[in-house]
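Letter by letter, the chains look like this.
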Amino acid sequence: MSKKLIYADHAATTPLMQEALEAMLPFVKDDFGNPSSLHGWAKPARKAVDEARAVIARCVNAEPEEIFFTSGGTEADNWVIKGSEGGMLVSSYEHHAVLNAAASETRRGRDVVYVRPKVGNGGGYIMPERLSKVWKEEIGLVSIMTANNEIGTINPIHLLSDFAHKHGVLFHTDAVQAVGHIPIDVREMGVDFLSASAHKFNGPKGIGFLFIRKGVKLEPLLNGGQQENGLRAGTENVASIVGMATALKLNCDRMDKTAEHLENLTLRLRDGIDRIFPDAIYLGDGVAGQLPGFTSVSFLGHPAEGLMHMLDLKGIAVSTGAACDSKNTKISHVLKAVNATNEIARSTVRITLGPENTVADVDVILAALKRILRGV
Ligand code: PLP
């Protein structure tokens, strides 16, 4: 009998939800019409795209005309960073989609200042006081992520957007890790732009959206036809848009139940880890202040890459917190930003559980960790 594979890397990507797949299938095959055509074939596609936009808007408390479909989180982030004007303030622990887009703007002469998260116990957050320390007159955009993808901490976005608006400046948040997992209300958050990506909430890959608050100006990303109100031209990815809306709606409907399930699993996981390895160091701010299912933990003396590969051999997928990718052994910029020592960073693994994980999965992960860490 083949062993059960355990996927515990949901911050990297999530499995496609069955309901999303079923909703997509007609648009992959029979209902292939172009939503912009003038004949009858356009109708099912046009209707599906309009309905998906309305569903997504409701999930984040936006108006449908404030939702713009993109090819994912990277595109949404790049659009805001490159389409805005003036200097920028971004946090130093953003995803590379924001950091590298900002760096590219620096090369074009735009000024970018960086704000670091609070470090130490209860750290990993960006607070408005930190923005005032680095503030400069010429800043025109602030971009701070809703939740960090390596340590799972959730930022007080409403306080940060308030700070930006008091200075007359636009505010963007990369909410790629947060949408579909914690309540997102663009009005309460007070954001002008918000990026999201479907594959992080059980939707298909290569599709996402950007919220642009009504009345806020942003340069078009792609010039061409009139799709996305003329701001992001190109025939819509109808099936993926439908899959994204289906997955987001179901995730939002089940959010409280999922969060409770994931909290129970995470507490069990951390409790087990503490018994196996009492010197484990958790990054972030405890289960209550982190994304559901998120554990970033350092097993000092045990290089994360080796640990990750040994777990992989046992059929368990987790990720390392230290290396940016498999070819890059540099310390992660996120762990550096929260002042983790090289030793801690090199031994940090990220275990991110999802709704389909069970108590039995957690126990298998713990048994594997015990064998690897204690050599028993
Ligand atoms: N922003 C954050 C915080 C992410 O975690 C990711 C994905 O890892 C992205 C942006 C990029 O999103 P996508 O994979 O849809 O381009």
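Our subject is the structure that appears above.
Thresholds applied
- The written sequence of each chain sets the order in which its residues are numbered from 1.
- Under the rules for a predicted model, residues below a pLDDT of 70 receive no local features and side-chain atom pairs below 80 are neither given nor counted, while totals for whole chains, interfaces and linings still include all residues.
- Note: side-chain values were computed over all heavy atoms of the structure, leaving out hydrogens and water.
- Where helices and strands are cited, they refer to DSSP runs of H or I of at least four residues and of E of at least two residues respectively, numbered from the N terminus.
- We call two residues contacting when some pair of their heavy atoms lies within 4.5 Å.
- Two strands qualify as a pair provided DSSP detects at least 2 bridges between them.
- Lines are fitted to the C-alpha atoms to define the axes, a helix being fitted only along its stretch in contact, and any angle between axes, read from their N-to-C directions, falls within 0 to 180 degrees.
- We call a residue near a molecule or strand when any one of its heavy atoms sits within 4 Å of it.
- Any N or O atom pair separated by 3.5 Å or less is treated as a polar contact, with the protein-specific requirement of one donor-capable and one acceptor-capable atom, and with residues adjacent in sequence counted only for side-chain atom pairs.
- All accessible areas in this document rest on Shrake-Rupley with a 1.4 Å probe, and a residue is counted as covered only by the protein chains that are shown.
- Throughout this entry, Asp, Glu, Lys and Arg are counted as charged residues, while Ala, Val, Leu, Ile, Met, Phe, Trp, Tyr, Cys and Pro are counted as nonpolar. The remaining residues, Gly among them, count as polar.
- Working definition: with a 1.4 Å probe on protein chains only, accessible area under 20% of the residue-type maximum means buried, over 50% means exposed, and in between means partly exposed.
- Orientation categories follow fixed angle ranges, with anything under 35 degrees roughly parallel, anything over 145 roughly antiparallel, 65 to 115 roughly perpendicular, and all other angles oblique.
- Handedness of a crossing follows from how the near helix is turned relative to the far one, being left-handed for an anticlockwise turn of less than a right angle and right-handed for a clockwise one.
- Helix span is expected to be 1.5 Å times the residue number reduced by one.
- The directions considered for the arc are those from the helix axis to the C-beta atoms.
- Whether two aromatic rings pair depends on their centres lying within 6.5 Å, for rings of Phe, Tyr and Trp, where Trp uses its six-membered ring; planes under 30 degrees apart make the pair stacked, over 60 edge-to-face, and the rest tilted.
- Here, a salt bridge means any Lys or Arg side-chain nitrogen found within 4 Å of an Asp or Glu carboxyl oxygen.

(A) Geometry of the environment of T320. Within the secondary structure layout, T320 lies in strand β12 (residues 319–320). Setting aside residues no more than four positions away along its own chain, T320 makes contact with A304, E305, M308, T348 and V349.

(B) A look at the sheet that holds strand β13 (residues 348–352). Overall, antiparallel pairing links the four strands, which are arranged β9-β10-β13-β12 in an open sheet. What marks the edges here is a single partner per strand, and that holds for β9 (281–283) and β12. Where strand β10 (residues 294–298) and β13 come together, five bridges link them in antiparallel fashion. Bridge assignment links T295 to a residue of β13, and that residue is I351. Sitting on the sheet, helix α9 (residues 255–276) touches β9, β10 and β13, and the angle it makes with β10 is about 15°.

(C) Summary view of the site of the ligand. Near the ligand you find 13 residues, and of these G73, T74, D174, S197 and K200 are the closest. Contact between the ligand and G73: an oxygen atom at 2.8 Å from a main-chain N or O atom of the residue. Between the ligand and the protein, one listed contact pairs an oxygen atom with a side-chain N or O atom of K200 at 2.7 Å. The fraction of the free accessible surface of the ligand (390 Å²) that becomes covered by protein chains is 84%. For the shell around the ligand, the leading source of residues is helix α3 (residues 73–83), giving three residues. Grouping the amino acids of the shell around the ligand by side-chain chemistry returns two nonpolar, eight polar and three charged.

(D) Structural view of unusual backbone geometry. For E228, which is not glycine, the phi torsion reads 50° and is therefore positive. Secondary-structure assignment places E228 in the loop between β8 (208–212) and α8 (238–253). Judged by relative accessible area, which is 7%, E228 ranks as buried. Of note in the backbone geometry, N339 takes a positive phi value of approximately 70° without being a glycine. With respect to the helices and strands, N339 occurs in the loop between α11 (333–337) and α12 (342–346).

(E) Molecular detail of the sheet that holds strand β6 (residues 170–174). Taken together, the seven strands give an open sheet; going across it, the order is β2-β8-β7-β6-β5-β3-β4, and neighbouring strands pair in mixed fashion. The sheet terminates laterally at β2 (67–70) and β4 (112–115), the two strands that pair on one side only. The average undirected angle you get between the axes of adjacent strands in this sheet is 20°. Alignment of strand β7 (residues 193–197) against β8, held across five bridges, turns out to be antiparallel. Looking at β8, one finds that F193 is bridged to I212. Packed on one face of the sheet, helix α4 (residues 96–107) meets β3 (87–91), β4, β5 (139–143) and β6 and runs near 155° to β3. Along the sheet, helix α6 (residues 157–166) contacts β5 and β6; its crossing angle with β6, the most-contacted strand, is approximately 155°.

(F) Representation of the packing of helix α1 (residues 18–28) against α8 within the structure. Where α1 contacts α8, the axes come no closer than 8 Å and their chain directions differ by 160°. Our classification of the angle between α1 and α8 gives roughly antiparallel. Where α1 crosses over α8, the handedness of that crossing is right-handed. The segment α1 lies against α8, with E19, A20, A23, M24, F27 and V28 engaging V238, A239, S240, V242, G243, T246, A247 and L250.

(G) Quick look at helix α13 (residues 359–374). Its 16 residues place the ends of α13 22 Å apart at the C-alpha level, agreeing with the 22 Å of an ideal helix rising 1.5 Å per residue. Within the span of α13, buried status applies to D361, V362, I365, L366, A368, L369, I372 and L373. Down the axis of α13, the sector holding all buried residues measures 165°, keeping them to one side. Against the buried residues of α13 lie β1 (6–7), α9, α10 (304–313) and β11 (316–317).

(H) Region of interest: the pairing of β13. Burial of β13 is extensive: five of the five residues sit out of reach of the surface. Covered by surrounding structure in β13 are T348, R350 and T352 together with V349 and I351, the residues of both alternating faces. Bridge count between β12 and β13: two bridges; the pairing is antiparallel. Bridge pairing in β13 links S319 to R350.

(I) Main features of the packing of aromatic side chains. What the rule picks out here adds up to four aromatic pairs. Ring geometry for W135 against F163: centres 5.3 Å apart, planes inclined by 75°, an arrangement best described as edge-to-face. One end of the pair, W135, is in the loop between α5 (128–134) and β5; the other, F163, is in helix α6, with 28 residues separating them in the sequence. Of the residues examined, W135 reaches a relative accessible area of 18% and is grouped as buried. Ring geometry for F277 and F299: centres 5.4 Å apart, planes at 85°, overall edge-to-face. One end of the pair, F277, is in the loop between α9 and β9; the other, F299, is in the loop between β10 and α10, with 22 residues separating them in the sequence.

(J) Molecular detail of the pattern of salt bridges. Under the definition given, this model contains 19 salt bridges. A salt bridge links R187 to E66; its shortest N-O distance comes to 2.4 Å. Taken as a pair, R187 in helix α7 (residues 186–189) and E66 in the loop between α2 (42–60) and β2 lie far apart in primary sequence, 121 residues in all. Among the residues examined, R187 registers a relative accessible area of 37% and is labelled partly exposed.

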